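# Coordinate analysis (summary)
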Amino acid sequence: RVLFRSEGREETWEGFDTIVLALGVKSRNELAEELEGKVGQMYVIGDAATPGNATSAMRQGFKTGMMI
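Rules of the game
- Residues numbered from 1 in each chain as written.
- Predicted model: local features only at pLDDT ≥ 70, side-chain atom pairs only at ≥ 80, totals over all residues.
- Heavy atoms only, no water.
- Phe/Tyr/Trp six-rings, centres within 6.5 Å; stacked < 30°, edge-to-face > 60°.
- Patch = residues over 30% accessible without salt bridge, like charges linked within 9 Å, V, L, I, M, F, W, Y side chains within 5 Å.
- Areas by Shrake-Rupley, 256 points an atom, 1.4 Å probe, with all protein chains shown as cover.
- Salt bridge = Lys/Arg side-chain N within 4 Å of Asp/Glu carboxyl O.
- Helix = DSSP H or I, 4+ residues; strand = E, 2+ residues; numbered from the N terminus.
- Pairing = 2+ DSSP bridges.
- Buried < 20%, exposed > 50% of the residue type's maximum accessible area, 1.4 Å probe, protein only.

### Describing the packing of aromatic side chains
On inspection of all chains with the given rule, the structure shows 1 aromatic pair. Ring geometry for Trp13 and Phe16: centres 6.3 Å apart, planes at 45 degrees, overall tilted.

### Brief notes about a nonpolar patch on the surface
Taken together, the side chains of Trp13, Phe16, Ile19 and Leu21 define a hydrophobic patch exposed on the protein surface, amounting to about 430 Å² of accessible area. By the secondary structure assignment, Phe16 is in the loop between strand 2 (9–13) and helix 1 (30–35).

### Details of the pairing of strand 2
Looking down a regular strand, the side chains alternate between one sheet face and the other. Relative to strand 2, strand 1 (residues 2–6) runs antiparallel, the two sharing 5 bridges. By the bridge assignment, Arg5 is partnered in strand 2 with Glu10. The antiparallel pairing of strand 1 with strand 2 creates a hairpin that spans 2 residues between the two strands, and Glu7 there sits at a positive phi of about 50 degrees.

### Regarding the pattern of salt bridges
In total, this model carries 3 salt bridges according to the counting rule given. Glu10 is paired through a salt bridge with Arg5; the nearest N and O atoms lie 3.1 Å apart. For the pair Glu10 and Arg5, one class covers both residues: exposed. A salt bridge links Arg28 to Glu30; its shortest N-O distance comes to 3.4 Å. Looking at Arg28, the relative accessible area reads 60%, which means it is exposed. Looking at Glu30, the relative accessible area reads 45%, which means it is partly exposed.

Structural data, given as structure tokens:
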């Protein structure tokens, strides 16, 4: 049972075993910013570079791996 609140309304949802939440995306690359100038080479990929999906992140990881 899940209590859901949105825009001032409350609803109770039942009959679910699993709930997956996807709540917006925003690039988070604080580590890359902190390491800037401290390492020889750095590649920022996936959501740290630009928000996307898992397929895009895997493709970026593969291409980066092949490049280095």
